[in-house]
Each structure stands twice: as C-alpha cells, then as structure tokens.
Amino acid sequence: MKNKTGYYVKSILISFIFLVAFCVTYISHVYAIEVIGANTGLKVNVSDVLVSTDNLAPGDTKASTMTIYIDPESNTSSLRVWIRSEIIESVLGKEVNGIRGNLDDRLVLTVTHQDGKELHSGSISKFDKNVLVGDIQKGNPVDLTFTVHLPGEATGNEYQGASLKVRWIITAQYESPVTPTPTER
C-alpha cells in the first residue's frame, strides 16, 4: 500500500494464540502458545507459574502476567501492539432450578498495563475488539496483568462446573524502514 508521502508502508498482522481457561471448577490449563509471524521479532511470555484456578470459589480473585517484547536478535526496533480476546468454548454450570450458569455472565476480567492504565474491565466476551497496548520498543518489554474475579454474592450453585476457554489475540503493526531508491545523476 502506498501512502500520500510516497513511502511504502508494510503492515504485518501478527496473531499469537494462547489458550487459557478461567472457570469455577475443572480448569483446562494452557496447552500451547502459538506465535504467527514471529519473524518480525514479537515475543510473548506468560507467568512462569500459572495461577491455578481449580475450584475457584465465589469471592476469589486470581492474577497472572503476560510479557510482550521484541526479540533482542530481531532487526525490528518497534511494534505497535493491540490485544483482544475470543471465547472459543463455554461450558455451562450444573442445572439448579432449571438454570445453568454461564461463567461469562459473572466472571470479571481486568487487564492492566504496567503503567497502571486499565485496558479492560468486565466480561470476557466484551473484550472482543482490539485495544491498543501501545508501541513496544526493543529492550523495553511491556507487562500486562490479567486478573479474574468471581463475585461472591451473585454467584450461586448453578455456576459449579462452568468453564471458559479463551484465545488471546495479539496483533502488531510493523512498518518497514524506508530505503531510498538510487537515482541516476
């Protein structure tokens, strides 16, 4: 794509997928992290010790951290990064009085940037639009804290056994450096 100043801008969408589960019981742990387009240097790490949310009870709060950075060996110096989520599986809780709880109705996800800015607070399903994380510079990783809270007063037995599998999608924009074309004298 050519912009008005004649420079060529090359946008590369980088999707990184990692499955994480938030649930009341019977959690499915993260099984894989897949980075598509890693050749631009985008890297993502999650906490060394994943927060176990097995048997998450009403009133509990759990947190984990994701670090986004540019590989030091990469030729890339800066990437603009966005994040969003996608629920890929939702299991309803046990039936109580004809009602089966949907965990997305109760679980509160808060995503906080290391600078204190709250990127999202609410249900996971409403975090489905890209939210700007910022410009990631080589040598300056960015930490995002993911906190899940299951409110105690509003969560009844109909949520027992409910679970969610969530895909986190990290998108980055890469602009290749402008190389002047040689001209004849």
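Now for a look at the structure at hand. Model, not experiment: these values are computed from the prediction.

What the chain contains, in helices and strands, is zero helices and 12 strands. Going from the N terminus to the C terminus, the chain shows its helices and strands as β-β-β-β-β-β-β-β-β-β-β-β. Residues classed as buried in the chain amount to 34% of the 185 residues present. Within the chain, contacts between residues at least 6 apart in sequence are counted, and of these 76% link residues at least 24 apart. Of the roughly 10800 Å² that the chain leaves accessible, carbon and sulfur atoms contribute 47%.

What follows covers the nonpolar core. Membership of the largest hydrophobic core comes to 30 residues, with the highest contact counts inside it found for Ile68, Val81, Ile83 and Leu144. Elements that contribute at least two residues to this core include exactly strand 3 (42-46), strand 4 (61-70), strand 5 (78-91), strand 8 (108-113), strand 10 (131-137), strand 11 (142-149) and strand 12 (163-173). Residue contributions to this core peak at five residues, all from strand 12. In contact with valine 81, not counting residues within four places along its chain, are Leu42, Ile68, Val131, Leu132, Val133, Gly134, Ile136, Ile170, Thr171 and Ala172.

Turning our attention to the environment of arginine 84. The topology assignment puts arginine 84 in strand 5. Looking at arginine 84, the relative accessible area reads 24%, which means it is partly exposed. Taking the C-alpha atoms as reference points, arginine 84 and arginine 167, separated by 83 residues in sequence, lie 8.5 Å from one another. With residues near it in sequence (within four places) discarded, arginine 84 still touches Phe127, Asp128, Lys129, Asn130, Arg167, Trp168 and Ile169.

This paragraph deals with the sheet that holds strand 4. Strand order in this open sheet of five strands is 3-4-11-8-9, and the pairing throughout is antiparallel. Two strands in the sheet have a free side with no partner beyond their single neighbour: strand 3 and strand 9 (118-122). Averaged over all adjacent pairs, the angle separating strand axes in this sheet is 15°, with direction ignored. Two strands pair when backbone bridges link them, and strand 4 and strand 11 are joined in this way by eight bridges, in the antiparallel orientation. Residue pairing across strands places threonine 67 opposite aspartate 143, the latter belonging to strand 11.

The next thing to look at is the pattern of salt bridges. Considering all chains together, one arrives at four salt bridges under this definition. Of the charged contacts in the structure, one is a salt bridge between glutamate 86 and arginine 167, with a shortest N-O distance of 3.6 Å. Of this pair, glutamate 86 sits in strand 5 while arginine 167 sits in strand 12, and the two are 81 residues apart along the sequence. With a shortest N-O distance of 3.9 Å, aspartate 128 and lysine 129 are connected by a salt bridge.

Rules used in this analysis
- Residues numbered from 1 in each chain as written.
- Predicted model: local features only at pLDDT ≥ 70, side-chain atom pairs only at ≥ 80, totals over all residues.
- Heavy atoms only, no water.
- Helix = DSSP H or I, 4+ residues; strand = E, 2+ residues; numbered from the N terminus.
- Buried < 20%, exposed > 50% of the residue type's maximum accessible area, 1.4 Å probe, protein only.
- Contact = heavy atoms within 4.5 Å.
- Areas by Shrake-Rupley, 256 points an atom, 1.4 Å probe, with all protein chains shown as cover.
- Core = buried A, V, L, I, M, F, W, Y, C linked by side-chain atoms within 4.5 Å.
- Pairing = 2+ DSSP bridges.
- Axes fitted to C-alpha atoms, helices over the stretch in contact; angles between N-to-C directions.
- Salt bridge = Lys/Arg side-chain N within 4 Å of Asp/Glu carboxyl O.

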